[in-house]
There are 2 protein chains.
Amino acid sequence: MRRKVYVEGPREGIRVPFQEVELSDGNEPVRLYDTSGPGGSPLPALRAPWATGRTQLASARAGVVTSEMEFVAIRENVPAELVRAEIAAGRAVLPANRNHPESEPMVIGSRFLVKVNANIGTSAVTSSVDAEVDKLTWATRWGADTVMDLSTGPHIHETREAIIRNSPVPIGTVPIYQALEKVKGDPVKLTWPLFRDTIVEQAEQGVDYMTVHAGVLRAYTPLTTSRVTGIVSRGGSIMAAWCQAHQQENFLYENFDEMCALFAGYDITFSLGDGLRPGSIADANDEAQFAELRTLGELTHRAWAYDVQVMVEGPGHVPMHKIKENVDLQVELCGGAPFYTLGPLTTDIAPAYDHITSAIGAAMIGMFGTAMLCYVTPKEHLGLPDRDDVKAGMIAYKIAAHAADLAKGHPGAQAWDDALSKARFEFRWEDQFELALDPETARSFHDETLPAEAAKTAHFCSMCGPKFCSMKISHEIRAQAPL
Amino acid sequence: MRRKVYVEGPREGIRVPFQEVELSDGNEPVRLYDTSGPGGSPLPALRAPWATGRTQLASARAGVVTSEMEFVAIRENVPAELVRAEIAAGRAVLPANRNHPESEPMVIGSRFLVKVNANIGTSAVTSSVDAEVDKLTWATRWGADTVMDLSTGPHIHETREAIIRNSPVPIGTVPIYQALEKVKGDPVKLTWPLFRDTIVEQAEQGVDYMTVHAGVLRAYTPLTTSRVTGIVSRGGSIMAAWCQAHQQENFLYENFDEMCALFAGYDITFSLGDGLRPGSIADANDEAQFAELRTLGELTHRAWAYDVQVMVEGPGHVPMHKIKENVDLQVELCGGAPFYTLGPLTTDIAPAYDHITSAIGAAMIGMFGTAMLCYVTPKEHLGLPDRDDVKAGMIAYKIAAHAADLAKGHPGAQAWDDALSKARFEFRWEDQFELALDPETARSFHDETLPAEAAKTAHFCSMCGPKFCSMKISHEIRAQAPL
Ligand code: SF4
Ligand code: SF4
């Protein structure tokens, strides 16, 4: 059986949620990381009493362990001092806008559990506010560590307000989307003041991290002209179009310091967008991509000077043998700032299955040190993801993230696998289902062929049948073995 | 549009099938490897006129390029001499029982395209002959390069006969399953003569490769007693139980030379079973597993002395950071004989999604040199796969295999990705769908939100919508760029 439990922290008001799975073999319950939030709408303002005037980075640098850091230390089962030190060094971020007190603190960095982001949001073509809030709740129920609201079209402000007030996880946005709506979709009409106003509007609502494509410099567009798929980041293509029309440098780059000062006031975390990420296997690791990455490295250090936390976004479409180079270069150029990648997709041939093409790349890039994986759903390249797509993407990415945690030897990660495998070997079917990433589906697959209650303690299933159940034979061997 | 085409070989009667995808941009059609066979039932005896008295290995060693080798050279787009040399060196196998003339030749080896095997077969609990023949046709339609008939229960002989006569791909079996049925499920009653008769029965029917668990030596069972999941291979557990009951050495090991002589008479390929493969993350790369692998190395060389082709089976459940060691050790111990692995699953936590946990491991182990990947379906650990599971497993594994081909730089592999990405960037939606691994599903996902015919040439889809389509903006940038 699964139930929600809270672990009390050393300070008043710190109560860290876990999903606890009780086992029928008498062993200690297994505690799983829990992103589903306390429930109810709107959510309680958990972090309101903890407010300080400083950013998490400023506190960490000053040697102060904030309540948020205490919270995530319990959540990650690591010392609070490690959390503080990693944040202070810029190798981890704790995205927490002071106007989003409903969020439960979480940390993103290569020394911690690999995180998963889920993208949701309306497009001009389809969806509604209610549908998006439902996707948010659904995504966190399946383990989304952060959620990005990528809404475009009408009702952007209202959709975002509803999402933030109902979100127990940090919310990210790409403010240029709303800015573009304000100028009726014409990139040429964008201006810095309009963009700044949009940031302020979103900051006031409580957006925890913002993707800003400040690294798409005017000089880099020509590097994309021989590509198979050009510029595939929406923000990247918008800024490249603006630079070309005005024959001026990217206004996000030109006004980056003002943006940093603004972000610091709310403790908004930068997610430095990779506007020139490769959109196909052919374009992976090319000069356009790495030129922008060098600029993102420069911007990382500039933001740090303002005590602003920074993540750096990464690709995209990358064949397996070119994945590691991405991580190594990002770590070097960006001083160890957390890497946050979209996949990468390891082949282009499987539209409708890009949650799988990219889970392969995501697991590998996570193993190499990427801190957060942005999920890809089966609808990638084909349409706006619906509820089922959100779940399919989340499951694939929780698998990738956990596989990476195992490969990195994260303390405690393997306990989950071991508990499930022990339950499997001992034919404790109910324990196995409850420990599964998706208990209902595991149970229903088993019950398709053996629905009877007695099958839940049977020493076989329909895969091999009673005579060929290797685990059953294995027990008989052990029982007969001379001790 | 897709259609089947045949490429004529240098010798009469050699006609190699491909799926050809015609493109609307006027470029050359893309040719895809095709495993679906000529259709009709029973299939024509394609290889009957090519029969020689020798095995493919004996021919290759004698410097002879057989018709089968010519066929696969065209299929793989490599020189026939490379095929011959790799087979002669034992680094590739061409499984082709002389009693299965219906099969279209294919090659398995690290220098060639990574192959995928699909397991089908009845269990005592469920399924029927017709259902299994349907799964065979379905699996080859989705790209299965070989199919293993793992039937247990009644009607094993009839099921296998129907499968072989209808199979355009090599068929593998695990003969110990039928042998065990003959002794009513009691492993203790197994004998070498009974097993030998079973091999002969299957050899006469035309089984192309057989899994034999000759490496599960009596001394290795104690190495599994401290494991979390003991022995998880059916054949491995059966042989371990036999050894323990009789306190004798594995009769498959003791009679291996007689088996080799028998296999040579039909040109049956060994698939040396890994009866002690790990069944959980905790058990990966342990002494039991590697002790057996050393014995498989010994057996590989013994089989080669009889001109018998050999593949070696591998795990199982292995965390990502322990995958490469498996390949390196296998190559070293088994003299480069093709490695044929089940997954591996990179985490245990996701029953019902093990096609994904294992596609990650399969792609990686393929990149490191594994020649054939045995698929894992969503039903793994939970029940017998049905038609939908077969498809889900095949798709995940074709993705893994192709991702590995890209990472290995197989000549021509990337042409498929490039053609699809070019179609995508040019909004040739129909070309993109037809090039997709699963055209119907890609098309239906797109049409869910934009069903109108006009949307098939639209410069956007519902994912980003018309104003935010980065590829559309990218084209506008290119159009405006100073040349
Ligand atoms: S029958 Fe096979 S899949 Fe089912 S519990 Fe036994 S060993 Fe596992
Ligand atoms: S709208 Fe987005 S997903 Fe659709 S074709 Fe354009 S860039 Fe691709």
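These figures come from a predicted structure and were not determined experimentally.

K.L.:
How would you explain the overall build of chain A if you had to name every residue and give the values?
P.N.:
A tally of regular secondary structure across chain A gives 18 helices and 13 strands. Over its C-alpha atoms chain A spans a radius of gyration of 23 Å, differing by no more than 12% from the 23 Å that the globule rule assigns to 483 residues. Overall size of chain A, expressed as C-alpha extent along the three principal axes, is 80 × 55 × 40 Å. With 483 residues in all, chain A has 68% of them scored as buried.

K.L.:
Requested: an account of the interface of chain B and chain A, with residues and values cited.
P.N.:
Across the boundary between the two partners, chain B contributes 108 residues, which contact 108 residues of chain A. Between chain B and chain A, the buried area comes to about 8,700 Å², and carbon and sulfur atoms account for 68% of it. Counting the surface chain B buries against chain A, the share from its top three residues, Ile349, Met463 and Phe468 of chain B, is 10%. Listed by contribution, the elements that provide at least two residues to the side of chain B that touches chain A are helix 6 (175-182), helix 8 (234-246), helix 13 (354-367), helix 14 (387-408), helix 15 (413-425), helix 16 (429-435), helix 17 (439-449) and helix 18 (470-480) of chain B. Of all the elements, helix 14 of chain B adds the most residues to the side of chain B that touches chain A, at ten residues.

K.L.:
Pulling in residues and values, what's your account of the sheet that holds strand 11 (residues 310-314) of chain B?
P.N.:
Pairing between sheet strands relies on hydrogen bonds along the backbone, with the strands arranged either parallel or antiparallel. All names here are of chain B. Here we have eight strands rolled up into a closed barrel, ordered 6-7-8-9-10-11-12-13, and parallel in their pairing. Strand-to-strand twist in this sheet, taken as the mean axis angle between neighbours without regard to direction, amounts to 25°. Pairing of strand 11 with strand 12 (residues 339-342), which is carried by three bridges, proceeds in the parallel orientation. Counted as the bridge partner of Val312 is Phe339 from strand 12. Packed onto the sheet, helix 10 (residues 256-266) meets strand 9 (209-212) and strand 10 (269-272) and runs at close to 140° relative to strand 10.

K.L.:
I'd like to hear about the site of ligand 2, residue by residue, with values.
P.N.:
In the vicinity of ligand 2, the contacting residues are His381 of chain A together with Phe427, Trp429, Phe460, Cys461, Met463, Cys464, Gly465, Cys469, Ser470 and Met471 of chain B. Its residues placed into classes, the shell around ligand 2 shows eight nonpolar, three polar and no charged.

K.L.:
Would you mind going over the UniProt feature "binding site: [4Fe-4S] cluster" (unreviewed entry) in chain A in detail, with residue names and values included?
P.N.:
Within this numbering scheme, the UniProt entry marks Cys461, Cys464 and Cys469 of chain A as carrying the feature "binding site: [4Fe-4S] cluster" (unreviewed entry). Here Cys461 of chain A falls in the buried class, since its relative accessible area comes to 9%. Setting aside residues no more than four positions away along its own chain, Cys461 of chain A makes contact with Trp429, His446 and Leu450 of chain A together with His381, Leu382 and Gly383 of chain B. Note on placement: Cys464 of chain A falls in the loop between helix 17 (439-449) and helix 18 (470-480).

K.L.:
Would you mind going over the side chain of Ser474 of chain B in detail, with residue names and values included?
P.N.:
Turning to its location among the elements, Ser474 of chain B is positioned in helix 18. Sequence-distant contacts of Ser474 of chain B, defined by excluding residues within four places in its chain, comprise Gly230 and Ile231 of chain A together with Phe425 of chain B.

K.L.:
So what's going on with the relation of the copies chain B and chain A? Residues and values would help.
P.N.:
Overlaying chain B on chain A yields an RMSD of 0.0 Å, the required transformation being a rotation through 180° with an accompanying axial translation of 0.0 Å. The superposition operator between the copies reduces to a two-fold rotation axis. Of the C-alpha atoms belonging to chain B, the one lying closest to the rotation axis is found on Ile360 of chain B, 2.3 Å away. In this assembly the copies share their binding face: 100% of the residues contributing to the interface of chain B also contribute to that of chain A.

K.L.:
Lay out the site of ligand 1 in plain terms, naming residues and giving numbers.
P.N.:
Around ligand 1, the surrounding shell consists of Phe427, Trp429, Phe460, Cys461, Met463, Cys464, Gly465, Cys469, Ser470 and Met471 of chain A together with His381 of chain B. Looking at what sits near ligand 1, you find residues from chains A and B. Within the shell around ligand 1, the residues separate by chemical class into eight nonpolar, three polar and no charged.

K.L.:
An account of the environment of Thr198 of chain A is needed here, citing residue identities and associated values.
P.N.:
Residue and element names in this part refer to chain A. Secondary-structure assignment places Thr198 in helix 7 (residues 192-205). Classification of Thr198 by relative accessible area gives buried; the value is 0%. Sequence separation between Thr198 and Ile176 is 22 residues, and the spatial gap between their C-alpha atoms is 8.1 Å. Discounting residues that sit within four places of it in the chain, Thr198 has contacts with Pro175, Gln178, Ala179 and Lys182.

K.L.:
Residue-level account of the environment of Glu161 of chain A, with values.
P.N.:
Positionally, Glu161 of chain A belongs in helix 5 (residues 156-165). A C-alpha to C-alpha distance of 6.5 Å links Glu161 of chain A and Gln205 of chain A, two positions 44 residues apart in sequence.

K.L.:
Tell me about the packing of helix 14 (residues 387-408) of chain A against helix 13 of chain B, residues and numbers included.
P.N.:
Packing of helix 14 of chain A against helix 13 of chain B leaves a shortest axis separation of 10 Å and a crossing angle of 45°. With respect to helix 13 of chain B, the axis of helix 14 of chain A lies oblique. As for how helix 14 of chain A packs across helix 13 of chain B, the hand of that crossing is right-handed. On helix 13 of chain B, the residues touching Ala396, Ile399 and Ala400 of chain A of helix 14 of chain A are Ile356, Thr357 and Ile360 of chain B. Classifying every residue of the contact of helix 14 of chain A with helix 13 of chain B gives five nonpolar, one polar and no charged.

K.L.:
Please set out the sheet that holds strand 8 (residues 171-173) of chain A residue by residue, giving values where relevant.
P.N.:
Residues and elements named next belong to chain A. In spatial order, the strands read 6-7-8-9-10-11-12-13; together these eight strands close into a barrel with parallel pairing. Taking each pair of neighbouring strands and ignoring which way they run, the sheet shows an average axis angle of 25°. Relative to strand 13 (residues 372-374), strand 12 (residues 339-342) runs parallel, the two being bridged by three bridges. Its bridge partner being in strand 13, Thr341 is matched across the sheet by Leu373.

K.L.:
Lay out the side chain of Thr221 of chain A in plain terms, naming residues and giving numbers.
P.N.:
Assignment of secondary structure puts Thr221 of chain A in the loop between strand 9 (209-212) and helix 8 (234-246). Residue class for Thr221 of chain A comes out buried when judged on its relative accessible area of 9%.

K.L.:
Provide a residue-level description of the packing of aromatic side chains, including the pertinent values.
P.N.:
Applying the stated criterion across every chain, the model contains 20 aromatic pairs over all chains. For the pair Trp50 of chain A and Phe71 of chain A, a centre-to-centre distance of 6.3 Å together with 50° between the ring planes defines the contact as tilted. Note that Trp50 of chain A is positioned in the loop between strand 3 (30-33) and helix 1 (56-61) and Phe71 of chain A in helix 2 (residues 67-76), a separation of 21 residues in sequence. With a relative accessible area of 10%, Trp50 of chain A lands in the buried category. Note on Phe263 of chain B and Phe270 of chain B: the rings are 4.2 Å apart at their centroids and 25° apart in plane angle, and the pair reads as stacked. For Phe263 of chain B, a relative accessible area of 0% puts it in the buried group. Here the aromatic cluster, defined as three or more aromatic residues joined through ring pairs, consists of Trp192, Phe195, Trp242 and Phe251 of chain A.

Thresholds applied
Residues numbered from 1 in each chain as written. Chains lettered and ligands numbered in written order. Predicted model: local features only at pLDDT ≥ 70, side-chain atom pairs only at ≥ 80, totals over all residues. Heavy atoms only, no water. Helix = DSSP H or I, 4+ residues; strand = E, 2+ residues; numbered from the N terminus. Rg over C-alpha atoms; globule rule 2.2 N^0.38 Å. Buried < 20%, exposed > 50% of the residue type's maximum accessible area, 1.4 Å probe, protein only. Contact = heavy atoms within 4.5 Å. Buried area = accessible area lost by both parts, 1.4 Å probe. Pairing = 2+ DSSP bridges. Axes fitted to C-alpha atoms, helices over the stretch in contact; angles between N-to-C directions. Near = heavy atom within 4 Å. Nonpolar A, V, L, I, M, F, W, Y, C, P; charged D, E, K, R; others polar. UniProt positions renumbered as here; feature names shortened; annotations may be inferred. Least-squares fit on C-alpha atoms with pLDDT ≥ 70 in both. Parallel < 35°, antiparallel > 145°, perpendicular 65-115°, else oblique. Left-handed = near helix turned anticlockwise from the far one by under 90°. Phe/Tyr/Trp six-rings, centres within 6.5 Å; stacked < 30°, edge-to-face > 60°.

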